[in-house]
Amino acid sequence: MNRLGRFTAERFAPLGFTAEFVPSANREWGDHLVLTRRGRSGKSVALVSHLDTVFPPEEEAHNNFRWQVEGDRIFGPGTHDIKGGTVMIWLILTALRHHAPELFEDITWKLIWNSSEECYSPDFGDVCRARFDPGTLAALVFESEGRMGRRVGLLWHARGGARGG
């Protein structure tokens, strides 16, 4: 998890993000990752995901789980879950920086990854709330569900909890 956290931080650094590695209550799974890019206003948006994966390497090998390219699509573990969510966050922020630079520069962006979501991390909610600014407009969770055409998302209000959407 720590290696993936460092890799993720390196990918977002060119967009102006600084990294904070927060020890998890579940030490076996590594550190939570918080990336921050301060904006000009008091407005803040948090984007939340997780670093850990459902399948240990042995299970992936046993079931032949791997990335599969079919035309212009990629299928496999993490493509519409955690890794897909991280890529989507990067794409959204890169597009905003290019196409809406005033908005990108105005907002404080907080990107927060849980290192042990799959095995339950009781401290992660506290990690998030401690890093939400008073002007946090929303916390969007980037873990989609794409099986059988079903789309599910979560919206965390800065002062509330998770709501299905």
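What you see is a predicted model, and the numbers here were worked out from it, not measured in a lab.

Caption draft 1: Structural context of the pattern of salt bridges. Enumeration over the complete set of coordinates arrives at 7 salt bridges. As a salt-bridge pair, Asp31 and Arg27 come within 3.1 Å of each other at their nearest N and O atoms. Asp133 is the partner of Lys110 in a salt bridge, and the nearest nitrogen-oxygen pair spans 3.4 Å. On the criterion of sequence distance, the pair formed by Lys110 in strand S6 (residues 108–114) and Asp133 in the loop between helix H5 (124–131) and strand S7 (136–141) is long-range, its members being 23 residues apart. Look at the salt bridges and you will find they share partners, linking Arg38, Lys110 and Asp133 into a network.

Caption draft 2: Main features of the confidence of the model for the chain. On average, residues of the chain carry a pLDDT of 81, and 79% of them reach 70 or more. In the model of the chain, strand S8 (residues 154–156) stands out as the element of lowest mean pLDDT, 35, in contrast to helix H4 (residues 101–106), which has the highest, 97. Predicted confidence for residues 146–165 stays below pLDDT 50, and this span has 31 contacts to residues more than four positions away or in other chains.

Caption draft 3: Here's a closer look at H5. Listed as buried for H5 are Phe124, Gly125, Val127, Cys128 and Arg131. For H5, the arc enclosing every buried residue in end-on projection is 160°, short of the 170-degree limit, so these residues lie on one face.

Caption draft 4: Just helix H1 (residues 2–12), in detail. Three or more residues of H1 are buried, namely Gly5, Thr8, Ala9 and Phe12. For H1, the angular spread of buried residues about the axis comes to 100°, placing them on one side.

Calculation notes
- Residues numbered from 1 in each chain as written.
- Predicted model: local features only at pLDDT ≥ 70, side-chain atom pairs only at ≥ 80, totals over all residues.
- Heavy atoms only, no water.
- Salt bridge = Lys/Arg side-chain N within 4 Å of Asp/Glu carboxyl O.
- Helix = DSSP H or I, 4+ residues; strand = E, 2+ residues; numbered from the N terminus.
- pLDDT = per-residue confidence, 0-100.
- Contact = heavy atoms within 4.5 Å.
- Buried < 20%, exposed > 50% of the residue type's maximum accessible area, 1.4 Å probe, protein only.
- Arc of directions from axis to C-beta.

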